[in-house]
2 protein chains.
Amino acid sequence: MRADAVANREAIVRAAVSLYADVGPSVSLRAVASRAGVGIGTLYRHFPDRVSLLRGVAEHVHARVSEAVSAYEAADPAVEAARRWRAFVTELVGLRLGGIIPQMAADPALLEDNPWLITMRNDGLDRLDGALSLAKAEGLVREEVDVTRFQVGLAQISRPLGRFVDEVVPGWQDWLVDTYLRGLRP
Amino acid sequence: MRADAVANREAIVRAAVSLYADVGPSVSLRAVASRAGVGIGTLYRHFPDRVSLLRGVAEHVHARVSEAVSAYEAADPAVEAARRWRAFVTELVGLRLGGIIPQMAADPALLEDNPWLITMRNDGLDRLDGALSLAKAEGLVREEVDVTRFQVGLAQISRPLGRFVDEVVPGWQDWLVDTYLRGLRP
């Protein structure tokens, strides 16, 4: 792909991730194109139908989670374990999984029609479980915390609450991440 | 009001609370009537316009929160403090505040048009702060936890995730309540 085509594709996927988080995968392709600042024709060139865009979003999210896990697993052990763990969880929260996962991975009809989504979700959970095991080994997470609950908690605390709440209760997200991490401790 | 009129009004408010939580206050009055199992004419007799229904919902939520706080403050001190606190927070979570508050109290335009909503929200926060102070005095919550953050955390963990997640990750809500309470501890 030419550089501007790559940039367009990236802009479309990012716009779709953000709109999926706010509205869900039922968002119109026209709204995605508009948010991405491209014409609808450009969107269709990259993603001929709704399912191919869904796949683009899922691959994007999966890749980001996977990279975050790899970075966490490879982090400098000289850095305090609790700081590495916090940075990792903060990065996951920043991915706005809270908006996206409930919309995508939790819709039975969507999963039934797109079995690759189940494979991708399970693979993402496996990667996340690896990070969770490391955090347990470092004494930061109770043994009984399982990855699906951990992920649900992550999804809930990372759900967007809108600009108004962000203004009225500044720092709520960091506070909630810290409270969650404290609650996971042995 | 006659007994069946009272029952209808109650059914309409409960339907509206539930639909506000899922969809937001923009939900159609027809959908509310249908969920409540009453005709649209019956709904209009009780709530002639959108704002009067909004007020009905806000009063209902405010009354439930207020009752829960009163019950917590008057609870038998022979019951272990942590159990009383947990029961109170679980009750708040059961009110589905997580769906309703972000939709209602966080919409600046809605608040601007309906100043009574701000009064009601502030009064609700005051009541909640009373309960939080009691929990602090009983050594269950860190001093620095402020009521707006506490409420945001409550809202996030009580957001509905849909029947599919409830089936795949059974007990996620109780687990998340416990994790949150543990995270709030000194």
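Residues numbered from 1 in each chain as written. Chains lettered and ligands numbered in written order. Predicted model: local features only at pLDDT ≥ 70, side-chain atom pairs only at ≥ 80, totals over all residues. Heavy atoms only, no water.

A few words now on the pattern of salt bridges. Enumeration according to the criterion identifies 16 salt bridges over all chains in this entry. Ionic pairing is found between A:Arg84 and A:Glu138, a salt bridge with its closest N-O pair at 3.1 Å. Of this pair, A:Arg84 sits in helix H5 (residues 81-94) while A:Glu138 sits in the loop between helix H8 (115-137) and helix H9 (147-157), and the two are 54 residues apart along the sequence. A salt bridge links B:Arg2 to B:Asp4, with the nearest nitrogen and oxygen atoms 3.0 Å apart. By relative accessible area, B:Asp4 is classed as partly exposed at 41%. (Salt bridge = Lys/Arg side-chain N within 4 Å of Asp/Glu carboxyl O. Helix = DSSP H or I, 4+ residues; strand = E, 2+ residues; numbered from the N terminus. Buried < 20%, exposed > 50% of the residue type's maximum accessible area, 1.4 Å probe, protein only.)

Residues and elements named next belong to chain B. In contact at an axis separation of 10 Å, helix H4 (residues 50-73) and helix H5 (residues 81-94) are set at 175° when each is read in the N-to-C sense. What the angle tells us is that H4 and H5 run roughly antiparallel. Residues Val65, Ala68, Val69 and Tyr72 of H4 lie in contact with H5, whose contacting residues are Arg84, Trp85, Phe88, Glu91 and Leu92. For the contact of H4 with H5, a count of residues per class yields seven nonpolar, no polar and two charged. (Axes fitted to C-alpha atoms, helices over the stretch in contact; angles between N-to-C directions. Parallel < 35°, antiparallel > 145°, perpendicular 65-115°, else oblique. Contact = heavy atoms within 4.5 Å. Nonpolar A, V, L, I, M, F, W, Y, C, P; charged D, E, K, R; others polar.)

Interface size is often expressed as the accessible area that is lost when the parts come together. Residue and element names in this part refer to chain A. Its domain assignment divides chain A into domain 1 (1-48) and domain 2 (50-184). Centre-to-centre separation of domain 1 and domain 2, based on C-alpha positions: 23 Å. Facing the 20 residues of domain 1 at the interface are 14 residues of domain 2. Of the roughly 1500 Å² buried between domain 1 and domain 2 on both sides combined, carbon and sulfur atoms contribute 65%. Summed over the shared surface of domain 1 and domain 2, the result is zero salt bridges. Across the domain 1-domain 2 interface, the total number found is one residue pair in polar contact (both at pLDDT 80 or more). The set of elements that each furnish at least two residues to the side of domain 1 that touches domain 2 consists of helix H1 (3-22) and helix H2 (29-36). (Domains from an automatic or database assignment. Buried area = accessible area lost by both parts, 1.4 Å probe. Polar contact = N/O pair within 3.5 Å; in protein donor to acceptor, adjacent residues only side chain to side chain.)

Further remarks concern the UniProt feature "DNA-binding region" (unreviewed entry) in chain A. Residues given the UniProt feature "DNA-binding region" (unreviewed entry) here are residues 28-47 of chain A. Helix and strand shares over residues 28-47 of chain A are 75% and 0% respectively, and the end C-alpha atoms of the span are 13 Å apart. (UniProt positions renumbered as here; feature names shortened; annotations may be inferred.)

For the rest of this paragraph, the subject is the interface of chain B and chain A. Each side of the interface is counted separately: chain B has 33 residues, and chain A has 33 residues. Looking at the side of chain B facing chain A, the largest losses of area belong to B:Arg149, B:Gln156 and B:Trp175, adding up to 26% of the total buried there. Across the contact surface, chain B and chain A share zero salt bridges. The interface formed by chain B and chain A includes seven residue pairs in polar contact (both at pLDDT 80 or more). Those elements that provide at least two residues to the side of chain B that touches chain A are helix H7 (108-113), helix H9 (147-157), helix H10 (163-168) and helix H11 (172-184) of chain B. Looking at the side of chain B that touches chain A residue by residue, the classes come out as 20 nonpolar, six polar and seven charged.

For these two chain copies, the linking operation is a rotation about an axis paired with a shift along it. Each copy superposes on the other: chain B lies on chain A with an RMSD of 0.0 Å after a rotation of 180° and an axial shift of 0.0 Å. Both copies of the chain, as the preceding transformation shows, are related through a two-fold rotation axis. Taking C-alpha positions as reference, the residue of chain B nearest the rotation axis is B:Gly183, located at 1.9 Å. Interface overlap between copies: 100% of the residues of chain B at the interface are likewise at the interface in chain A, consistent with a symmetric, same-surface contact. (Least-squares fit on C-alpha atoms with pLDDT ≥ 70 in both.)

Bringing H11(B) into the picture now. The first and last C-alpha atoms of H11(B) sit 18 Å apart over 13 residues, in line with the 18 Å expected at 1.5 Å per residue. By the burial criterion, the buried members of H11(B) are B:Trp172, B:Trp175, B:Leu176, B:Val177, B:Thr179, B:Tyr180, B:Leu181, B:Gly183 and B:Leu184. Tucked into the core, H11(B) has its buried residues touching H9 and helix H11 (172-184) of chain A together with H5, H9 and H10 of chain B. (Expected span 1.5 Å × (residues − 1).)

Turning to the packing of H5(B) against H9(B), a few remarks are in order. Residue and element names in this part refer to chain B. For the pair H5 and H9, interaxial distance at closest approach is 9 Å and the crossing angle is 60°. The two elements H5 and H9 cross, and the hand of that crossing is right-handed. Counting all contacts with H5, which are made through Trp85, Val89, Leu92 and Val93, the residues of H9 involved are Phe150, Leu154 and Ile157. Its residues assigned to classes, the contact of H5 with H9 comprises seven nonpolar, no polar and no charged. (Left-handed = near helix turned anticlockwise from the far one by under 90°.)

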